[in-house]
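# Observations on the three-dimensional arrangement
Listed below are the residues making up each chain.
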Amino acid sequence: MPLLRRSCPPRGGGFGGTYELRLGVDEAEELGGVALIRSALRKAGRSLGWAKLQTFGGSFPQVAVAGVVDRREVPEEFAAAVEEYELERGRAAAEMIGRTIEDGKPRVVPGSVFVIAQEFRAAYAEGLAE
């Protein structure tokens, strides 16, 4: 749940969260498969109050993808914060792509699929150790 909670925009009142996990196909299968991961994400989202949510996922030749999106209507008091957060994420992604194209050096960015997968693996390992 902490990983989903962190996906919510700051000052967004817990609204507007989105979490996409990309793992190797074999790794996802070891965890029970994409369907089980989607189910776990759905359960975690609901425990955060995401009464209206959308999950997605599938296995492809190189990657297994699963995710959840909070689809609740954002109350007026949090709408500006959620919108600004989404715009900033888009700007940051475009800037990073531009910089990578410019100099050919890939970058690890907070919130990127690489970082999210690493955080997920660490949280999963910690859960096993408990």
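Further up the page is the structure itself.
We now turn to the structure provided with this report. Please read these numbers as outputs of a predicted model, since none were measured by experiment.

Counted under the stated rule, the structure contains seven salt bridges. A salt bridge links R22 to E20, with the shortest nitrogen-to-oxygen separation between them at 2.6 Å. Since its relative accessible area comes to 38%, R22 is described here as partly exposed. E20 sits in the partly exposed class, given a relative accessible area of 24%. Ionic pairing is found between E95 and R99, a salt bridge with its closest N-O pair at 3.6 Å. Here the residue E95 and the residue R99 both occupy positions in helix 4 (residues 76-103), the gap between them amounting to four residues, near one helical turn. By relative accessible area, E95 is classed as partly exposed at 48%. Through salt bridges with shared partners, a single network forms among E84, E88 and R91.

Now for the pairing of strand 2 (residues 53-59). By the bridge criterion, seven bridges tie strand 2 to strand 3 (residues 64-70) in an arrangement that is antiparallel. Its bridge partner lying in strand 3, F56 is registered against G67. In textbook terms, the turn of a hairpin is the stretch between consecutive antiparallel strands, and for strand 2 and strand 3 this stretch comprises four residues.

Another point: the environment of A79. Here A79 lies in helix 4. Judged by relative accessible area, which is 30%, A79 ranks as partly exposed. Separated by 18 residues in the primary sequence, A79 and I97 have C-alpha atoms spaced 27 Å apart.

This part takes up the packing of aromatic side chains. Counted according to the given criterion, the structure contains two aromatic pairs. Summarising the aromatic geometry, the rings of F15 and F78 are spaced 5.9 Å apart at their centres and angled 25 degrees between planes, so their arrangement reads as stacked. With F15 in the loop between helix 1 (2-6) and strand 1 (18-23) and F78 in helix 4, the pair connects residues that are 63 residues apart, well separated along the chain. Relative to Y124, the ring of F120 lies with its centre 6.3 Å away and its plane at 15 degrees, an arrangement referred to as stacked. Of this pair, F120 and Y124 both sit in helix 5 (residues 113-129), four residues apart, which is roughly one turn of the helix. On the accessibility criterion, F120 (18% relative accessible area) is buried. Between R72 and the ring centre of F15, over which it is positioned, the NZ or CZ distance is 4.1 Å.

Quick notes on the rules
- Residues numbered from 1 in each chain as written.
- Predicted model: local features only at pLDDT ≥ 70, side-chain atom pairs only at ≥ 80, totals over all residues.
- Heavy atoms only, no water.
- Salt bridge = Lys/Arg side-chain N within 4 Å of Asp/Glu carboxyl O.
- Buried < 20%, exposed > 50% of the residue type's maximum accessible area, 1.4 Å probe, protein only.
- Helix = DSSP H or I, 4+ residues; strand = E, 2+ residues; numbered from the N terminus.
- Pairing = 2+ DSSP bridges.
- Phe/Tyr/Trp six-rings, centres within 6.5 Å; stacked < 30°, edge-to-face > 60°.
- Lys NZ or Arg CZ within 6 Å of the ring centre and 35° of its normal.

All quantities given are derived from atomic positions and should not be read as evidence of function.
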